[in-house]
Amino acid sequence: MIRLPGSHIYIDTSFLMWMFKIGPESREEFSAWLKQVCGDRISVPTWSTHELYRHHVEKRLPTDVEEHIKKLNGLVGESFSMFWTLFDEPLGGAPSVGHQRDQARDALRSVRTLTDRAAAWSANYDRNAREVIDFANRHALKGGALFDQFTSLEGLSAARYTGRVPPGFQDKLKKEKVTGTDDGSEAVVGSNRWGDLIFWQEVLEHARANRVRNVIILTKDVKNDWRMAGTLPVRAADESNGPGVQPPHPMLSFEAARTAGVQELVLLDQGRLSEVMKVASPERTAKFVTTARPPALPPPKTDAEIRSEAIERELQERAKINAGIARASNLRFMDPDGMTVSKAILLKAVYETREGVDVDAQFSAFEESIRHALASGQIVDIVNAEAVAALRGKGLVGFARRLVSLSGDDQQRVAAANDLAEALKGLPPVTATFLYMGLMAGTYLDHRNQFLASPRPAVAQKLFALQHLPIASLPIQDVATRASKASHVPLYLPSVDRPPIAVEFKIDTDLDRENALRSLWIGDQDLLIDVQSDAALQLSRRIGDVPLTPALVLDHVADLYVLPRGQLAAAGNIIAAYSFDEHIGFRAPQDVRREISQGEANG
């Protein structure tokens, strides 16, 4: 109906006053929608603007809000005293007197917080008033004989109000009000007992002169001199089973039809208008619709909800205590309650994080955090109490394992894995153990949990530096158990004992080249080959023009064959610097492996 050419919208003072309360975005949505749907078929009668300006000058709304807040705060104070006395024994299933008194205090304190926030609305009043008054002026009713009505208004209103002819007969007993003036004196102002009638006469005159067929009045007035008792079914599509809406008083509809030829009269408050807007333009009116239709208050909390909140408070309090303990222990946080680690738990975690196993929903959600952390270089920051509580042991193993196994040439992942390993000493022990296991699995195992021909070097040196710590014990046992079932293993398997590894240097005295390095032995494995066709493994390419010292050789051996640099010890022909043949080079890492020893196989 609003879109029909014969329809016209009239806005009364009560609706304009409500517009003072809402925010600028909601107000803009309302104005833009009206303009798009109705064009220039919108009018604010002169009397509406007059009353609006009077209320603005008197600061009617700020005063009403202030008085409402004062009443509510007073009620809160009185209620607290009463509730405190009534709650001298547990009522309604409350667990204790203290519990229900705490509930009362928290609830009423929340109300005080709410009123303090509502009081801040007055700071926006002048801005809101400017925008609403500007809206009213833009849509001011053109023409009309408002002032001509005053000569006959006394008699007209007396006759109508005596016969309870709407609108306005409910206002006939309104009294003049006393208000202050600028000089401090008092003045008597009018009662506005004829306001509704004057507004209605303006609407009828405009409708008659402009052949308006459908009169739509935006109003918050719900008195029975505007609306009929009872309700009619709601027309909005999504509220077909709603409580209904009060129709206009039948005498108003009759008068509009008789004197102005109006076919239908519709009264809309902000709630009913918002339903029309929601159906017509849901995307462009969402904020206004939400503001205009406050949801119903929820029912009182059930015992289950109260218990759940108590548990949540207890968890929060425990988290605070754990945070204090963590700070005192130089840890980032404490392990979640109930999260434990054992050989069996680690075994299962490694098994369930192999490729092909579906990941948990929590881990899938965590992967988005991983992507952001890799981009920002802040991988350690995402390992916090909340994340650990959600991921648990399996998720932590999977996170650390994938960080290494997917690293390849990705320097962001390599750096992140090293940062994570470096941070393990500042993490709680159970969390650190799971993460160490994940880093170990990523280093030594393939996607099927088989030993790699050559371990991934990305984070190995950091892991070796932590071998002696308690967090490494169970992961090292797990890797040793898996190694015992493999046909071949790397030259070195992590060990809590950190045994020294002798690297025997041998030179060839038969060659013309003096002090030429000919072989490097670790156990029965020679790491050098006389003719190495892979340029990346040739000594000449790797060493360049710098002196080939024993320490430099050990650096390359540790890097290539994933050996703990701190445990390597030079032996044999040790000299300051070696010469070497141009074709000699290191043996390919994947070709350097050994059979498991009997002692290792027996654990």
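As the structure is a prediction and not an experimental result, all values here were calculated from the model.

Colleague: An account of the overall build of the chain is needed here, citing residue identities and associated values.
Modeller: Helix and strand counts for the chain come out as 22 helices and 12 strands. The long-range share in the chain, meaning contacts at least 24 apart out of those at least 6 apart in sequence, stands at 73%. Here the chain displays about 32300 Å² of accessible surface, and carbon together with sulfur accounts for 53% of that area.

Colleague: Residue-level account of the packing of helix α13 (residues 343-352) against helix α19 (residues 470-483), with values.
Modeller: Where α13 contacts α19, the two axes come as close as 10 Å, and the packing angle between them is 65°. α19 is crossed by α13, and the crossing has right-handed handedness. For the pair α13 and α19, the contacting residues are K343, L346, L347 and V350 in the first and L474, P475, Q477, D478 and R482 in the second. For the contact of α13 with α19, a count of residues per class yields 5 nonpolar, 1 polar and 3 charged.

Colleague: Describe the environment of F366, listing the residues and the values that go with them.
Modeller: Relative to the helices and strands, F366 resides in helix α14 (residues 361-376). In this structure F366 comes out as buried when scored by relative accessible area, which is 9%. For F366 and F399, which are 33 residues apart along the polypeptide, the C-alpha to C-alpha distance reads 8.8 Å. When near neighbours in sequence (up to four residues on either side) are disregarded, F366 contacts I382, A387, L391 and F399.

Colleague: Pulling in residues and values, what's your account of a nonpolar patch on the surface?
Modeller: A cluster of nonpolar side chains, contributed by M82, L86 and L91, occupies part of the molecular surface with about 260 Å² of accessible area. Residue M82 is classed as partly exposed on the basis of its relative accessible area, which comes to 42%.

Colleague: Got a sec to walk through the packing of aromatic side chains? Specific residues and values, please.
Modeller: In this structure the tally under the stated criterion is 13 aromatic pairs. Between F15 and F30, the aromatic rings sit 5.6 Å apart at their centres with planes inclined by 40°, giving tilted as the arrangement. In this pair, F15 is assigned in helix α1 (residues 13-21) and F30 in helix α2 (residues 24-38), connecting sequence segments 15 residues apart. Judged on exposure class, the residue F15 and its partner F30 are both buried. With centroids separated by 5.9 Å and ring planes inclined at 10°, the aromatic side chains of F83 and F87 adopt a geometry described as stacked.

Colleague: Please provide a residue-by-residue account of the pattern of salt bridges, values included.
Modeller: Throughout the structure, instances matching the rule amount to 19 salt bridges. Put simply, D126 and K59 hold a salt bridge, and the shortest N to O gap is 3.2 Å. Of the two residues, D126 is situated in helix α6 (residues 125-138) and K59 in the loop between α3 (46-57) and α4 (60-86); the sequence distance between them amounts to 67 residues. Between D478 and R482 there is a salt bridge; the shortest N-O distance is 2.7 Å. Pair noted here: D478 and R482 are both in helix α19, with a separation of 4 residues, about one helical turn.

Colleague: Quick rundown of unusual backbone geometry? Include the residues and the values.
Modeller: Among all residues save glycine, negative phi is the norm, and among peptide bonds the norm is trans. At R392, a residue that is not glycine, the phi angle is positive and equals roughly 60°. Relative to the helices and strands, R392 is located in helix α15 (residues 385-405). By relative accessible area, which is 30% here, R392 ends up partly exposed. Here the phi dihedral of N515 falls at roughly 55°; this positive angle occurs in a residue that is not glycine. Mapped onto the elements, N515 comes out in the loop between β7 (501-508) and β8 (516-522).

Colleague: Could you give me a rundown of the sheet that holds β8, with the residues and numbers involved?
Modeller: What the 4 strands build is an open sheet, ordered β9-β8-β7-β11; its pairing is mixed. The sheet is open, and its two edges are formed by β9 (525-526) and β11 (568-572), each paired on a single side. Sitting on the sheet, helix α21 (residues 550-561) touches β7, β8 and β11, and the angle it makes with β11 is about 125°.

Colleague: How would you explain the pairing of β7 if you had to name every residue and give the values?
Modeller: In terms of strand pairing, β7 meets β11 through 5 bridges, oriented parallel. Bridged to F505 within β11 is G572. In this sheet, β8 lies alongside β7 in antiparallel orientation, the contact comprising 5 bridges. When the sheet's bridge partners are listed, F505 is paired in β8 with L520.

Colleague: I'd love a proper account of the side chain of S26, names of residues and values included.
Modeller: Structurally, S26 is set in helix α2. On the accessibility criterion, S26 (1% relative accessible area) is buried. Separated by 3.3 Å, the side chains of S26 and T291 make a polar contact. Not counting residues within four places of it along the chain, the set of residues in contact with S26 comprises K287, F288 and T291.

Colleague: I'd like a description of the packing of helix α17 (residues 429-444) against α19, backed by residues and values.
Modeller: For the pair α17 and α19, the least separation of the axes is 8 Å and the interaxial angle reads 35°. Every pair of crossing elements has a handedness; the one defined by α17 and α19 is right-handed. Contacts between α17 and α19 involve P429, A432, T433, Y436, M437 and M440 from the former and I471, A472, P475, I476, D478 and V479 from the latter. Here the residues of the contact of α17 with α19 sort into 10 nonpolar, 1 polar and 1 charged.

Colleague: Explain the side chain of E275 to me, and be specific about the residues and the numbers.
Modeller: Tracing the sequence through the fold places E275 in helix α10 (residues 270-280). For E275, a relative accessible area of 3% translates into the label buried. There is a polar contact of 2.8 Å between the side chain of E275 and the side chain of R293.

Rules behind the numbers
In every chain, residue numbers begin from 1 and rise along the written sequence. It should be noted that, the model being predicted, local features are given only for residues of pLDDT at least 70 and side-chain atom pairs only at 80 or more, the latter also being counted only at that level, while totals for whole chains, interfaces and linings use all residues. To obtain the side-chain values, all non-hydrogen atoms of the structure were used and water was disregarded. Note on conventions: DSSP H or I runs of at least 4 residues are helices, E runs of at least 2 residues are strands, and numbering of each starts at the N terminus. Contacts between residues were defined by any pair of non-hydrogen atoms, one from each residue, lying within 4.5 Å. Only the protein chains shown count as cover for residues, and all accessible areas are computed by the Shrake-Rupley method using a 1.4 Å probe. To get an axis, a line is fitted to the C-alpha atoms, and for a helix only the part in contact is used. The angle between two axes follows their N-to-C directions and goes from 0 to 180 degrees. By definition, any crossing whose near helix is turned counterclockwise from its far helix by less than a right angle is left-handed, and any crossing with a clockwise turn is right-handed. Gly is placed with the polar residues, together with every amino acid not listed as nonpolar (Ala, Val, Leu, Ile, Met, Phe, Trp, Tyr, Cys and Pro) or charged (Asp, Glu, Lys and Arg). Burial classes follow relative accessibility: with a 1.4 Å probe on protein chains only, a residue under 20% of its type's maximum area counts as buried, one over 50% as exposed, and anything between as partly exposed. Patch membership requires over 30% relative accessible area and the absence of a salt bridge. Like charges are linked within 9 Å, and nonpolar side chains (Val, Leu, Ile, Met, Phe, Trp, Tyr) within 5 Å. Only one rule defines a salt bridge in this text: a Lys or Arg side-chain nitrogen within 4 Å of an Asp or Glu carboxyl oxygen. The rule is short: rings of Phe, Tyr and Trp, with Trp giving its six-membered ring, pair when the centres are within 6.5 Å, and they are stacked under 30 degrees, edge-to-face over 60, tilted in between. Two strands are said to pair when DSSP picks up at least two bridges between them. Here a polar contact means two N or O atoms within 3.5 Å. Within protein one must be a hydrogen donor candidate and the other an acceptor candidate, and residues neighboring in sequence count only if both atoms are side-chain atoms.

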